[in-house]
Amino acid sequence: MKRSSNQIFDELLVLRCQDKDQTAVGLLWKRWQPKVLSWSYGFLKDQDHAYEIAQESWVSIIKGIHKLKDPALFRFWAYKIVQRRAADWIKQRQRERNSVHQFEAENVSPSEAEPHDQMELMLAAIHDLPEQHQQVLRLFYLEKTPIKIIAQILDKPEGTVKSSLYHAREQLKKKLKNESYE
């Protein structure tokens, strides 16, 4: 696999961070904070909590960076930390979120629930998918992560990841087809 100059620079920064170089820590944070925040937001769909989880993730990343054996895997390793932090946050607040979602669902008017263009239809369809399907789609299409690495990140067999990707696509097709005929 051919690496870009950005990937090589990131690997160098990781190595320098492992040597406790504070300048490298600052540069790594500056380069990766937008992605970490985006990943966090992708899980939580709430800007304030996403920021909080991103900050907590950075604490874990910096404290544990010496454990990362292959600096080329930093991106996937960091993503997994964010995913775990977000999952923990979601588990802690699941009851509260369920009651809020139920309240919102009962109080949304039909005109608010109908998307008006193709992009809104697609985003609404993706948002309706189970979280595991959203994760696989995000990693595969947005992050351009290979299935083998997705399997490692999610601690799932490659076949399960492929199956989730297939089912997510099928559910999207079905939902979008149904929406276009309504």
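Now for a quick tour of the structure. (Residues numbered from 1 in each chain as written. Predicted model: local features only at pLDDT ≥ 70, side-chain atom pairs only at ≥ 80, totals over all residues. Heavy atoms only, no water.)

Remarks on the overall build of the chain
Assigned secondary structure in the chain consists of 10 helices and 0 strands. Ordered by position from N to C terminus, the α and β elements of the chain give α-α-α-α-α-α-α-α-α-α. Long-range pairs, those at least 24 residues apart, make up 58% of the contacts in the chain between residues at least 6 apart in sequence. As presented, the chain carries roughly 12100 Å² of accessible surface, and 54% of it is formed by carbon and sulfur atoms. (Helix = DSSP H or I, 4+ residues; strand = E, 2+ residues; numbered from the N terminus. Contact = heavy atoms within 4.5 Å. Areas by Shrake-Rupley, 256 points an atom, 1.4 Å probe, with all protein chains shown as cover.)

Looking at the side chain of Q134
Tracing the chain through its elements places Q134 in helix 8 (residues 131-142). Residue Q134 is classed as buried on the basis of its relative accessible area, which comes to 8%. Dropping the residues within four chain positions of it, Q134 is found in contact with K45, I126, H127 and L129. (Buried < 20%, exposed > 50% of the residue type's maximum accessible area, 1.4 Å probe, protein only.)

Notes on the layout of surface pockets
Each pocket or cavity is described by its volume, and for the second largest pocket that value is around 520 Å³. The wall of the second largest pocket is formed by 17 residues, among which L123, I126, Q134, R138 and L142 lie closest to the centre. At the level of secondary structure, the elements contributing two or more residues to the lining of the second largest pocket comprise helix 2 (22-44), helix 7 (118-128), helix 8 and helix 10 (158-180). With 5 residues, helix 8 is the largest single contributor of residues to the lining of the second largest pocket. Class assignment of the residues belonging to the lining of the second largest pocket gives a composition of 9 nonpolar, 4 polar and 4 charged. (1 Å grid on protein atoms, 1.4 Å probe; cavity = no way out; pocket = protein on both sides within 12 Å on 5 of 7 lines; lining within 4 Å. Points joined across faces, edges and corners; volume = space filled by probe spheres on them. Nonpolar A, V, L, I, M, F, W, Y, C, P; charged D, E, K, R; others polar.)

Structural notes on the packing of helix 8 against helix 9 (residues 147-154)
Running from N to C, helix 8 and helix 9 cross one another at 140°; their axes reach a closest spacing of 10 Å. In this view, helix 8 runs oblique relative to helix 9, as classed from their interaxial angle. The chirality of how helix 8 crosses helix 9 is right-handed. Taken together, the residues of helix 9 that come into contact with helix 8 (itself represented by Q135, V136, L139 and F140) are I147, I150, I153 and L154. (Axes fitted to C-alpha atoms, helices over the stretch in contact; angles between N-to-C directions. Parallel < 35°, antiparallel > 145°, perpendicular 65-115°, else oblique. Left-handed = near helix turned anticlockwise from the far one by under 90°.)

Some details on the pattern of salt bridges
For the structure on display, the rule yields 10 salt bridges. As a salt-bridge pair, R84 and D155 come within 3.4 Å of each other at their nearest N and O atoms. Taken as a pair, R84 in helix 4 (residues 74-92) and D155 in the loop between helix 9 and helix 10 lie far apart in primary sequence, 71 residues in all. Within this structure, R16, D19 and D21 form a network of salt bridges that share partners. (Salt bridge = Lys/Arg side-chain N within 4 Å of Asp/Glu carboxyl O.)

A word on a nonpolar patch on the surface
A cluster of nonpolar residues, F9, L12 and L27, forms a patch on the protein surface that exposes about 240 Å² of accessible area. Tracing the chain through its elements places L27 in helix 2. (Patch = residues over 30% accessible without salt bridge, like charges linked within 9 Å, V, L, I, M, F, W, Y side chains within 5 Å.)

Details of unusual backbone geometry
Here K20, not a glycine, exhibits a phi torsion of approximately 65°, which is positive. Looking at where K20 falls in the secondary structure, it is placed in the loop between helix 1 (5-18) and helix 2. In this model, K45 sits at a positive phi of 60°, which is unusual for a non-glycine residue. Mapped onto the elements of the fold, K45 is located in the loop between helix 2 and helix 3 (47-64).

Let's talk about the environment of G159
Relative to the assigned elements, G159 resides in helix 10. In this structure G159 comes out as partly exposed when scored by relative accessible area, which is 48%. Considering only alpha carbons, one finds G159 and I147, 12 residues apart in sequence, at a separation of 9.1 Å.

Things to note about the packing of aromatic side chains
This structure, assessed with the given rule, holds 6 aromatic pairs. Here F74 and W77 contribute two aromatic rings whose centre-to-centre distance is 6.1 Å and whose plane-to-plane angle is 50°, an arrangement assigned as tilted. Highlighted residues: F74 and W77, both in helix 4, separated by 3 residues, approximately one helical turn. Overall, the relative accessible area of 2% leaves F74 in the buried class. Note on W77: relative accessible area 21%, which makes it partly exposed. Through a chain of ring-to-ring contacts, the aromatic side chains of W32, W39, F43, F74, W77 and Y79 assemble into a single cluster. In this structure, R138 is placed above the aromatic ring of F43, and the distance from its NZ or CZ to the ring centre is 4.9 Å. (Phe/Tyr/Trp six-rings, centres within 6.5 Å; stacked < 30°, edge-to-face > 60°. Lys NZ or Arg CZ within 6 Å of the ring centre and 35° of its normal.)

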